[in-house]
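Results of the structural survey
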Amino acid sequence: MAEAAPAAALQQSPGQAQRDDALPRRLVAKFDFEESEEFAREIPVGFYRALTAIEDDLAARSDREGQADGSSGVRAFGRIESVRGAGRPGGRGVGNWAVRFTVDGASMRLASEPSRIVVAAGAQLLVRAFGRTEGLQQASMRLSVRFHDKEGIALPGVYSSAMFRSEGNWRSLAVEPPPTPVGATGLSLWLEVVQPSIYRDRDDPYAIAVDDVSGAAYFDDIEVWQVPTVVFEAESSGVVPAGSRAVLQLRCSDPSIPRTSATVVVRDAEESLVHQSTLDVPGDGGVRLELPQLSTGWYEASVSYMQGGTEVSQRRARFTVLPSDGLASDDAPRFGTSFAISDERVLPAIDLSRSAFAILPFWTAATDTRDPQQDLDRFRELLLKLLDREVGTVGRIAQVPAHLARQNRIDIDDSLALFALEEERWRPALEPWLLGFGQQIDHWIIGTPPVDGNRGDLAARIGSLAKAMRAAIAGPSVGVPWSPAEILPSDLESTIVDGRHVLEVVVDPYWRESGGEVYEGLPSGKRGIARIVPIAPGTVDDRARAVDLAVRAMDAWRYGFDAIAVDVRGESVQTIPGPPIELAAWRQLSVRLSGRRFVAEIPLHPDLRAWLADGPRGPVLVAWSDATTGIVECTTDLGGGALTVTDLWGRSTRVAATAKGHALRIGREPVFIEGIDPYLALLRRGLRIDPPVSISKRAPQDGSLYLANPWPTSIAGTLTILGPESLGITPRTHTFSIDAGAEARMPITYSVPRSMPSGPTMVRVVIQGTATEPFRLELETPIILGYKAIKAEPSWRLARSIESGTLDLVLTLRVTNVGNTTLDIEAFAVADGYTQSRKPVSSLDPGGTAVRVFHFADGVRRLSGRDIRTGVHDTALDARYLTRVPIPPLLPPAAAVRTVRAGQGGSIAGAEGGRSADEVLEEW
């Protein structure tokens, strides 16, 4: 049965529906489907089968191709029907009806008619339903809502519950949309079954989505409630100028609640408590809470509204306190914002992100080019405000206006298709925009999604469009969105470079592991724009989203783009009012890196990445940790004075110089280190050893240390080798005098102990010298030890001895000849307290593989938590490859490694006087 009541006008910022159970509320509508007992219908009264995204795409494709009978030709996947006796237990209806979705390989949606639920502007609603699933392995249930105007036309924004599968148990779904927007008169419900293929392209375009082809989902007892107005947000859109105090607005209004008590807690980006207070909030109005002066950074506040001992509501709000940083440089590279919106959210985003330019969507599907004056005036006013802020503007033809798309039978998202038509079919619609803004905007990007790289006429389209634009724009530059997955055709590259056009590289989140390699082969400098698409809100932690965005933007900056933009989309709705944390992070990129170019990667620490940049404003070192856990601490000399270290949220710390250098603590969030001596930083990468790869053998070997001089003047001093002691490097001390830009060679001799594992080993030195002033610096450079003709792959397993009943450890060594000559070698294995075992591998041809097996008697007990040393030995060259195989603590550790009697336990049973494996190897 459906019940409905008119809604009163209320106001509230978005919040969390699951915390408002105690709110006084009024029922607006309820659907329990019990009317089917009297008027049985397959689809409930007031609902209809709506197209999902996939079905909508098929329908559009069918419309384009045309159907002989005039139908769309789209099959409705699965079945939706009212079912008696399937409702929630204890339902008040005689028939206990529910709506059942029978799945058949695709997503499904049942929608209510827009006029079914009447709402008023400003009303705060809470929508709840109950659902359960049967036999679903991949698909999930979801409840969504959408507002409509009096004509039944959907307004922007779809608000959804969390998705779930319950396997037979009834569970609640809840949606709390933002306050009903102005112009909305109706609310539509969407009951949905969502398959994984809906998200395939969004998350990973190469993943194969597996959809359910059977199973069922049930919906029952849907209720729409009107709840009191609960407000908690920071003033000024949460952007607090430097030196000002943040002000929070609080309100919990309802005639039945005369007064509430509000406890406010504020935490910083590190989740440290910075403020807590409790205040009274009258039921007929709101209060303003002015916080104490807070340091620069990004903050999240929470409030708990209480009446007596009952929590009425809980909300969160975000704000950022801006630093008193100077203006970002006008020199390239510059950081900006690419908008899919053009409303009141643009300017706050520009101010927060300190964007040097904005890409605005002048044309969208909603644009009415037949009567464009209102849109022209709106954009003209916006451009004046951007001009006052000294923010440049790039125009985007984001979509084809809907009436033009229908008239010319093209997709609204295929803007290039419009301009492939005869000029008279689009020129009259575009001309008012070119005449209105052509003098201020000479860069125009055509489309939003990346274009299809297989189109053969891309270069010709760009050229013809630029030619048409010249009537209103002096020297127009045309850009096209491009996917890094596409290979850039040579004719398109020539058109872009020769015609001074632009390629906009769209970097979606699934490119985040590719680093700078994603840009290889694409134009940079003035001919390229990198558009960085953030991870969708709610997918990962907000701080992780901001860090990911910053690192991908820095990859584009390092590659050499003159313009880098963060993508701001309308559907990226913040569920918590206040500035997005990713824009607070973007501000620091803009302020710290604009006008500065990448110079070199600097080796600071094995777990750190550090990039040196320089420009008219001086040098900066950008550093962050690749380690998955914790903070990396390192002490390094980066100059004689104090450093200023600024984190991604704008918080700055002064780090004084000590006798050992500057003590730095660096985590996953990039930090910007200013006040450095760039030549000392470059000297860190000027040390190298040659040859970089050495054969592991005990006989003395010759090599060289090279030191490059990065200063513009000569340097002189001494270099002393600190380690490793095991290599016995001689001579340990060298004197040098190096001209500007040159390097010095210092010959060395060393030998590799038999017990030293193969792989990279760091050679540590200390340099004391004089350039423009005296300096002292500790450096390290890697040397790779081993035997490059061999690839050795060890593995191990457990086996119970038939003779003794003990658990033995069996090590298998797979040896491959990766050189170009036939080898005669020995495989070996040894562990503490065991005799070394050697097994010959004869006449191993290039590309051939041999397997040797070693048994360690009672190995589970004796080797638990210890290492096995294994590898190969070339007796002719005295070359070795040695690796350590760690054995996890399979049993509590033994007090000591005991000597075993000779002859016990097979091939590695005999003891060698209780000596360690390293001692055995050294005496081999």
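Presented here is an overview of the structure given in this document. Small disclaimer: the values here were computed from a predicted structure and weren't measured. (Residues numbered from 1 in each chain as written. Predicted model: local features only at pLDDT ≥ 70, side-chain atom pairs only at ≥ 80, totals over all residues. Heavy atoms only, no water.)

All told, the structure shown has 55 salt bridges when counted by the stated rule. A salt bridge links Arg315 to Glu176; its shortest N-O distance comes to 3.1 Å. Here the residue Arg315 occupies a position in strand S21 (residues 310-321), and Glu176 occupies one in the loop between strand S11 (171-175) and strand S12 (186-194), the gap between them amounting to 139 residues. In terms of burial, Arg315 and Glu176 fall into one category: buried. Between Arg552 and Asp548 there is a salt bridge, with its nearest N and O atoms 2.9 Å apart. With Arg552 and Asp548 both in helix H10 (residues 542-559), this residue pair falls 4 residues apart, about one helical turn. As far as the burial class goes, Arg552 and Asp548 line up, both buried. Shared partners join several salt bridges into a network, and the residues in it are Asp268, Glu270, Arg543, Asp647, Arg651 and Glu669. (Salt bridge = Lys/Arg side-chain N within 4 Å of Asp/Glu carboxyl O. Helix = DSSP H or I, 4+ residues; strand = E, 2+ residues; numbered from the N terminus. Buried < 20%, exposed > 50% of the residue type's maximum accessible area, 1.4 Å probe, protein only.)

The next point concerns the sheet that holds strand S28 (residues 525-532). Around the barrel, which closes on itself, the 8 strands sit in the order S22-S23-S24-S25-S26-S27-S28-S29 with parallel pairing between neighbours. Averaged over all pairs of adjacent strands, the angle between strand axes in this sheet comes to 30 degrees, irrespective of strand direction. Strand direction decides the pairing type here: strand S22 (residues 334-339) and strand S29 (residues 561-568), joined by 6 bridges, are parallel. Across the sheet, Ser338 pairs through a bridge with Asp567, a residue of S29. (Pairing = 2+ DSSP bridges. Axes fitted to C-alpha atoms, helices over the stretch in contact; angles between N-to-C directions.)

Below, the discussion takes up the side chain of Arg552. A relative accessible area of 2% places Arg552 in the buried class. Of note is the side chain of Arg552, whose polar atom sits 3.0 Å from the backbone oxygen of Val507. (Polar contact = N/O pair within 3.5 Å; in protein donor to acceptor, adjacent residues only side chain to side chain.)

The biggest cluster of nonpolar side chains holds 92 residues, and the ones touching the most others in it are Leu360, Ile532 and Ile564. In terms of residue count, the dominant contributor to this core is H10 (9 residues). Among all residues touching Ile532, those that are not within four sequence positions of it are Val507, Tyr519, Leu549, Arg552, Ala553, Ala556, Ile564, Ala565, Val566, Asp567 and Trp586. Core analysis: the second largest hydrophobic core is formed by 39 residues, Phe47, Val119, Leu173 and Leu189 among them. (Core = buried A, V, L, I, M, F, W, Y, C linked by side-chain atoms within 4.5 Å. Contact = heavy atoms within 4.5 Å.)

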